[in-house]
Number of protein chains: 2
Amino acid sequence: MPELPAEIMSHKDYLHTYVSVDCLVYGFDGRSLNLLLVERRGMDGVADLKLPGSIIQNSEDTDQAAGRVLTELTGIKKMKLRQFRCFSSPERLSDPKDIKWLESEYGPRVDRLITVAYMALTRIDRRLNEVSKYKSARWCPLDNIGRMPFDHNRIVEQSLGEIRDWVTTEPAIMFELLPPKFTEAELRRLYEAVHGRKYDVRNFHKKMVAMDYVVKLDEKQRGVAHRAARYYKFDKVLYKNRMHSA
Amino acid sequence: MPELPAEIMSHKDYLHTYVSVDCLVYGFDGRSLNLLLVERRGMDGVADLKLPGSIIQNSEDTDQAAGRVLTELTGIKKMKLRQFRCFSSPERLSDPKDIKWLESEYGPRVDRLITVAYMALTRIDRRLNEVSKYKSARWCPLDNIGRMPFDHNRIVEQSLGEIRDWVTTEPAIMFELLPPKFTEAELRRLYEAVHGRKYDVRNFHKKMVAMDYVVKLDEKQRGVAHRAARYYKFDKVLYKNRMHSA
């Protein structure tokens with residue numbers, strides 16, 4: 001047997017490495033992006049919020065584990081999930097409160113917790129799974145998320161760049177966040193929320209017109225104080241053709 | 001202590017979960033993409049090729065582990081690395097030969113091996129690290145890679161889609177694969193290799209002209225049988241300005 005590398009001489013230290021998944025479920029409330037968070041009740045009985053997640057099981061890979069968490073959370077069997085990053089800093093499991101909670105949930109002695117983050121974009125008015133163990137799940141505006149356990153705040157930060165890459169390579173994804181009928185202003189505010197910058201109204205109109213898969217409807221808003229705006233819809237078929245010809 | 005979920009009742013099974021990194025280092029030989037692979041000598045003395053990789057150490061995260069492997073392999077301290085996916089199927093560690101090799105390298109009883117794949121694009125004429133433990137490292141054309149250990153063939157397959165996403169969101173990356181001076185034909189063949197399709201010569205010329213950061217040089221090929229082609233270079237500064245104004 002060849003001489004073992006130093007990191008392995010101490011490979012006992014790997015004994016209690018756990019691998020988990022954490023899910024970022026994004027919704028859009030017409031103004032800003034929201035994240036679906038779940039409650040964690042600590043030993044001290046005080047609750048805080050965290051990303052929904054789970055240790056992966058023996059029989060599943062991380063994709064399946066993330067799908068399981070989301071089905072449990074939303075009741076939806078097939079949700080478009082994007083794996084975006086593995087977070088593995090040795091420091092991510094340093095807060096004694098987190099270690100305590102983890103060991104009470106998953107058994108004693110967790111030396112290291114490595115997590116794989118997944119992202120999903122969905123409509124914010126979607127009904128959540130009443131019967132799930134996540135009865136405490138709730139939408140939180142991005143700018144109003146407090147300190148979360150582990151490195152969940154860092155994961156959220158990094159996910160924003162990931163959404164931008166995702167909508168760049170797969171623009172259709174943007175429309176998962178909108179109702180079937182939406183106004184130009186709603187679409188513009190969504191772009192502003194995702195890209196974190198303002199769009200000039202006129203320039204954005206040109207941009208939208210260029211998206212020939214955003215189709216004008218024969219219908220306007222009703223019962224609004226301001227001048228009723230026209231509705232648009234996203235046309236999957238036109239989009240697919242557009243992408244194939246591109 | 002709350003009742004433990006089923007998957008944890010058997011959490012002894014997690015005792016020997018290892019987390020590793022595997023690196024896809026891509027080069028371009030003027031015709032096709034090549035991968036930098038390293039030799040693995042099995043118990044039986046027979047060698048095969050695999051992706052360069054390592055178990056992660058206690059003190060490092062997966063980014064640092066991948067950087068360590070690449071520095072060891074190429075001698076380059078700062079190489080642009082992109083984490084692209086965690087591969088965690090329970091079946092990836094099923095071949096007895098792989099298990100034997102792993103345990104001889106990293107110690108006994110590895111139940112599960114989860115790996116995080118990284119990608120780097122580099123010039124194929126780059127000198128490799130002579131003093132490294134990877135003396136056996138060699139470039140292999142993508143279409144000429146045999147059966148590799150674990151799920152390395154699957155990782156390679158999936159990395160192709162990832163390169164396409166990468167060059168879409170960060171076009172500059174493409175030029176990491178080319179010499180400082182290159183011809184239009186070389187750039188076109190690189191695009192064809194990356195996107196896996198032919199480009200019409202005239203259309204590609206239009207495409208290249210649109211990249212104002214690809215700058216024509218006052219220099220042509222020398223000592224070539226065919227008509228000497230003009231050289232171009234990639235201009236980082238023009239590129240940065242272009243991206244900022246975009």
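In this numbering scheme, every chain counts its residues from 1 along its sequence in written order. Each chain is given a letter, starting from A, and each ligand a number, starting from 1, according to the order in which they appear as written. Reporting of local features is limited, given that this is a predicted model, to residues whose pLDDT is at least 70; pairs of side-chain atoms are given and counted only at 80 or more, and all residues count toward the totals for whole chains, interfaces and linings. Only heavy atoms go into the side-chain values, all of them from the structure, while hydrogens and water stay out.

### Here's the deal with the overall build of chain A
Put simply, the rule is: Strands here are runs of E lasting at least two residues and helices are runs of H or I lasting at least four, both read from the DSSP assignment and numbered beginning at the N terminus. Accessibility here uses a 1.4 Å probe with only protein chains present; expressed as a share of the type maximum, an area under 20% marks a residue as buried, one over 50% as exposed, and anything in between as partly exposed. For this analysis, residues touch if any pair of their heavy atoms sits within 4.5 Å. Shrake-Rupley sampling with a 1.4 Å probe provides the accessible areas, and residues are treated as covered by the protein chains on show and by no other component.
A count of helices and strands for chain A gives seven helices and 10 strands. Going through the 246 residues of chain A one by one, you find that 50% of them count as buried. Intrachain contacts of chain A at a sequence separation of at least 6 include 70% that bridge at least 24 residues. Carbon and sulfur atoms provide 51% of the accessible area of chain A, an area that totals close to 12400 Å².

### Quick word on unusual backbone geometry
Residues and elements named next belong to chain A. If you check the backbone angles, Phe150 has positive phi at about 50° while not being a glycine. Note that Phe150 resides in the loop between strand E7 (138–141) and helix H4 (152–169). Under the relative-accessibility criterion, Phe150 is labelled buried at 9%.

### Comments concerning the layout of surface pockets
Short version of the rule: A pocket, in this scheme, is an open set of points on a 1 Å grid over the protein atoms alone with protein on both sides within 12 Å along at least 5 of 7 lines, while a cavity is a set where a 1.4 Å probe fits but cannot get out; residues line either one if an atom lies within 4 Å of a point. Grid points are joined across faces, edges and corners, and a volume is the space filled by probe spheres set on the points. All residues other than Ala, Val, Leu, Ile, Met, Phe, Trp, Tyr, Cys, Pro, Asp, Glu, Lys and Arg, Gly among them, are scored as polar; the first ten of these are nonpolar and the last four charged.
When its volume is computed, the largest pocket comes out at roughly 1600 Å³. For the largest pocket, the lining is made up of 40 residues, of which Thr168 and Thr169 of chain A together with Val167, Thr168 and Thr169 of chain B are closest to its centre. Mapped by element, the contributors of at least two residues to the lining of the largest pocket are H4, helix H5 (184–195), helix H6 (201–210) and helix H7 (236–245) of chain A together with helix H4 (152–169), helix H5 (184–195), helix H6 (201–210) and helix H7 (236–245) of chain B. Of the residues assigned to the lining of the largest pocket, the class counts are 20 nonpolar, eight polar and 12 charged.

### A look at the packing of H5 of chain A against H6 of chain A
All names here are of chain A. Put simply, the rule is: Where helices are involved, their axes are fitted lines through C-alpha atoms of the stretch in contact, as for all axes, and angles between N-to-C directions lie from 0 to 180°. Between 65 and 115 degrees an angle is taken as roughly perpendicular, under 35 as roughly parallel, over 145 as roughly antiparallel, and anywhere else as oblique.
Remark: H5 packs on H6, axes separated minimally by 11 Å, with the N-to-C direction vectors making an angle of 100°. By the criterion of interaxial angle, the relationship of H5 to H6 is roughly perpendicular. Contacts from Glu184, Leu187, Arg188 and Tyr191 in H5 reach Val201, Phe204, His205, Lys207 and Met208 in H6. Per-class residue counts for the contact of H5 with H6 are five nonpolar, one polar and three charged.

### Some thoughts on the side chain of Thr115 of chain A
Residue and element names in this part refer to chain A. Operational definition: Residues adjacent in sequence count toward polar contacts only when both atoms are side-chain atoms; beyond that, a polar contact is any pair of N or O atoms within 3.5 Å, and within protein one must be able to donate a hydrogen and the other to accept it.
Residue placement: Thr115 occurs in strand E6 (residues 112–121). By relative accessible area, which is 0% here, Thr115 ends up buried. Looking at Thr115, its side chain comes within polar contact range of the side chain of Ser20, at 2.7 Å. One polar contact links Thr115 to Asp22, side chain to side chain, over a distance of 2.7 Å. Ignoring sequence-local partners within four residues, the contact set of Thr115 consists of Ser20, Val21, Asp22, Arg85, Cys86, Phe87, Arg92 and Ile155.

### Remarks on the pattern of salt bridges
All names here are of chain A. Condition: One side-chain nitrogen of Lys or Arg within 4 Å of one carboxyl oxygen of Asp or Glu is enough to make a salt bridge.
Summed over the entire model, instances satisfying the criterion amount to 28 salt bridges over all chains. The shortest N-O distance in the salt bridge between Glu162 and Arg82 comes to 2.7 Å. Residue Glu162 is found in helix H4, and its partner Arg82 is found in strand E5 (residues 82–87); the two are separated by 80 residues along the sequence. Comparing Glu162 with Arg82, the two get one shared label, buried. One salt-bridge network, held together by shared partners, links Arg40, Asp48, Lys97 and Asp98.

### As for the nonpolar core
Here is the rule: For our purposes a nonpolar core is just a set of buried Ala, Val, Leu, Ile, Met, Phe, Trp, Tyr and Cys residues, chained together by side-chain atoms within 4.5 Å.
Ranked by size, the top nonpolar core spans 41 residues in total, and within it Val21, Cys23, Val25 and Leu70 of chain A together with Val21, Cys23 and Leu70 of chain B carry the most contacts. When residues of this core are traced back to their parent elements, those giving at least two are strand E1 (17–28), strand E2 (33–41), helix H2 (62–74) and E6 of chain A together with strand E1 (17–28), strand E2 (33–41), helix H2 (62–74) and strand E6 (112–121) of chain B. The contacts of Cys23 of chain B, once residues within four sequence positions are left out, are Leu51, Pro52, Ala66, Val69, Leu70 and Tyr118 of chain B.

### A short note on helix H3 (residues 96–106) of chain B
Residues and elements named next belong to chain B. Here H3 has its buried residues at Asp98, Trp101, Leu102, Ser104 and Tyr106. For H3, the side-chain oxygen to backbone nitrogen distance between the N-cap and Lys97 is 2.8 Å, and the N-cap itself is Asp95. Where H3 ends, the next residue or the one after it, Gly107, has phi of about 100°, a positive value.

### Concerning the packing of aromatic side chains
For clarity, the cut-off: Between 30 and 60 degrees the pair is tilted, below 30 it is stacked and above 60 it is edge-to-face, where a pair is any two Phe, Tyr or Trp rings, Trp via its six-membered ring, whose centres lie within 6.5 Å. Definition used: whenever NZ (Lys) or CZ (Arg) falls within 6 Å of the ring centre and also within 35 degrees of the ring normal, the charge is taken to sit over that ring.
Using the criterion set out here, one finds 22 aromatic pairs over all chains in the structure. Residues Tyr191 of chain A and Phe204 of chain A carry aromatic rings whose centres are separated by 5.4 Å and whose planes lie at 65° to one another, so their mutual orientation is edge-to-face. Taken as a pair, Tyr191 of chain A in helix H5 and Phe204 of chain A in helix H6 lie far apart in primary sequence, 13 residues in all. The exposure class of Phe204 of chain A is buried, given its relative accessible area of 0%. In textbook terms, an aromatic cluster arises when at least three aromatic residues are bridged by ring pairs, as seen for Phe175, Phe182, Tyr213, Phe234 and Tyr239 of chain A. The cationic tip of Arg40 of chain A hangs over the ring face of Trp101 of chain A; the distance from NZ or CZ to the ring centre is 5.5 Å. Lying over the aromatic face of Phe87 of chain B, Arg85 of chain B brings its terminal NZ or CZ to 5.9 Å of the ring centre.

### What about the sheet that holds strand E10 (residues 230–234) of chain A?
Residues and elements named next belong to chain A. Here is the rule we go by: Two strands pair under a simple rule: DSSP has to find at least two bridges between them.
If you trace the three strands from one edge of the open sheet to the other, you get E8-E10-E9, paired in antiparallel fashion. Two strands in the sheet have a free side with no partner beyond their single neighbour: strand E8 (182–183) and strand E9 (214–220). As defined by bridge partners, E8 adjoins E10 across two bridges and the pair is classed as antiparallel. The residue bridging Phe182 from the neighbouring strand is Tyr232, located in E10.

### Comments concerning H2 of chain B
Put simply, the test is: Any helix carries an expected span of 1.5 Å times its number of residues minus one.
With 13 residues, H2 of chain B extends 18 Å from end C-alpha to end C-alpha; this agrees with the ideal 18 Å at 1.5 Å per step. Taken residue by residue, H2 of chain B has Thr62, Ala65, Ala66, Val69, Leu70, Thr71, Leu73 and Thr74 of chain B as its buried positions. For H2 of chain B, the elements touching its buried residues are E5 of chain A together with E1, E2, strand E4 (53–55), strand E5 (82–87) and E6 of chain B. The backbone nitrogen of Asp63 of chain B lies 3.1 Å from a side-chain oxygen of the residue at the head of H2 of chain B, namely Asp61 of chain B. The first or second residue beyond H2 of chain B is Gly75 of chain B, which carries a positive phi of 80°.

### Description of the confidence of the model for chain A
All names here are of chain A. Worth spelling out the cut-off: You can read pLDDT as the predictor saying how much it trusts each residue, on a scale of 0 to 100.
Summing up the model confidence of chain A, the mean pLDDT is 87 and the portion of residues at 70 or higher is 90%. Taking the mean pLDDT of every element in chain A, the minimum, 44, falls on helix H1 (residues 6–9) and the maximum, 97, on E10. Throughout residues 1–15 the model reports pLDDT below 50, and contacts reaching past four residues in sequence, or to other chains, amount to 36 contacts. Prediction confidence for the complex, expressed as pTM and ipTM, is 0.86 and 0.82 respectively.

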